[in-house]
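# Analysis of the macromolecular model
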Amino acid sequence: MTQTIICGDCLEIMPSIPDKSIDLIYADPPFAIAKTFRDAKGEIIYDNPKTISGLLEMMAPRLVELRRVLKPTGSIYLHCDPTASHYLKLLMDAVFGVNNFRNEIIWCYSIGGKSNKNFGEKHDVIFWYSKSNKWIFNSEDINVRIPRKPDSHMKVITDEQGNIWQVKTDKQTGKIYKYPLDKTANDYWIDIEQLNREDSERLHYQTQKPERLLERIISASTNKDGVILDPFCGCGTTIAVAEKLNRKWIGIDISKNACEIARKRIGNNTITKGGHDDKRDIRNVGNGAGGFRALLP
Ligand SMILES: C[S@@+](CC[C@H](N)C(=O)[O-])C[C@H]1O[C@@H](n2cnc3c(N)ncnc32)[C@H](O)[C@@H]1O
């Protein structure tokens, strides 16, 4: 069932995923902006919900299904923008429980246009919820280097284990203080840039996210061989990173164009598809595929 890209509405596909079978969900749904995304040929990829209530109506039943498929130790990351994040947080609290709210991650970037009418809109919001009071968090795997102050008087040393420290000696007492230079990332991420137009990762899919963002999420919240579901997988950023990090994955997207780009990205040109309509176009990629063939008419 894993290593599979499925083209269709995730609400229709998810009933075929067993209860409590997924370690991590990364969901990056269309934001509540009345915007139509088009591909390079000008063809419609998908229409965003037109209103906030439209987005909430769309998300509510999908979040309930997502909760069902999560393992008790699983986590969900919901990627939103500030237009709708506060409404979506209420929905997340209702479905996953206030006690299971773990972090509101603010992802800051600088690329893109500037405005003279308001402050630059340069962050997204990512909510992390666990399914229960037990969850995976590999803090050692998501260390970030703390930027050193330009006028810092502290020395930098590397110990025998290879850990890097900033060290200072108290002039009065002679006591030596050591601070690690690498530490677990905070809940604001300023070290991962949005993709620029020329970026080698670019696949010309408008809402493509950088792989480094997914690397941090996947490394933090899954172990090797963990199973990851992306129900709005777009051009396949999550599944490409999952593959690199030796995780199992399932990607779903309603857009055929997105599924096709994602399939090419994974690098396997074998398409298995049966008689299908738009919503049941199943593409199996890589090993272990096949569970979703049962969905074919
Ligand atoms: C913001 S994009 C995801 C981008 C993705 N994270 C990436 O890096 O490429 C949202 C995606 O949701 C898909 N989508 C919209 N409604 C959907 C639905 N009901 N079921 C599955 N996918 C849907 C769109 O086709 C679009 O590719």
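These numbers were taken from a predicted model, which means no experiment stands behind them.

Time to look at unusual backbone geometry. Positive phi outside glycine occurs at D225, with the angle close to 75°. Within the fold, D225 resides in the loop between helix 4 (211–221) and strand 14 (227–230). Within the chain, N246 stands out as a residue other than glycine whose phi angle is a positive 60°. For N246, the location among the structural elements is in the loop between helix 5 (237–244) and strand 15 (248–253).

Attention now moves to the sheet that holds strand 9 (residues 155–158). Spatially, 9-10-11 is the arrangement adopted by the three strands of the open sheet, whose pairing is antiparallel. Each edge of the open sheet is held by one strand with a lone partner, namely strand 9 and strand 11 (176–180). Each strand of the sheet is rotated relative to its neighbour by a mean of 35°, with strand direction disregarded. Two strands pair when backbone bridges link them, and strand 10 (residues 164–169) and strand 11 are joined in this way by five bridges, in the antiparallel orientation. Across the sheet, residue Q166 finds its bridge partner in strand 11, namely Y179.

Taken together, the neighbourhood of the ligand is formed by 21 residues, with T207, F232, G234, T237 and S255 sitting nearest. Contributions of two or more residues to the shell around the ligand are made by strand 4 (44–47) and strand 15. Across the shell around the ligand, the residue classes break down as twelve nonpolar, five polar and four charged.

With that settled, consider the pairing of strand 10. Regular strands place side chains that alternate from one sheet face to the opposite one. Counted residue by residue, strand 10 has zero buried out of six residues, so it is predominantly exposed. Judged from the four bridges that link them, strand 9 and strand 10 form a sheet pairing that is antiparallel. Counterpart to T158 in the pairing with strand 10 is I164. Between strand 9 and strand 10, which pair antiparallel one after the other, the connecting turn spans five residues, and G162 there sits at a positive phi close to 90°. Here strand 10 hands over to strand 11 after six residues, with G174 in that stretch at a positive phi of 80°.

Here helix 4 has its buried residues at L213, L214, R216, I217, I218, A220 and S221. Those residues of helix 4 that are buried lie in contact with strand 2 (22–27), strand 5 (70–80), strand 6 (101–108), strand 14 and helix 5.

Thresholds applied
Residues numbered from 1 in each chain as written. Predicted model: local features only at pLDDT ≥ 70, side-chain atom pairs only at ≥ 80, totals over all residues. Helix = DSSP H or I, 4+ residues; strand = E, 2+ residues; numbered from the N terminus. Pairing = 2+ DSSP bridges. Axes fitted to C-alpha atoms, helices over the stretch in contact; angles between N-to-C directions. Near = placed C-beta within 6 Å. Nonpolar A, V, L, I, M, F, W, Y, C, P; charged D, E, K, R; others polar. Buried ≥ 20, exposed ≤ 12 C-beta atoms within 10 Å, placed from the backbone. Contact = placed C-beta atoms within 7 Å.

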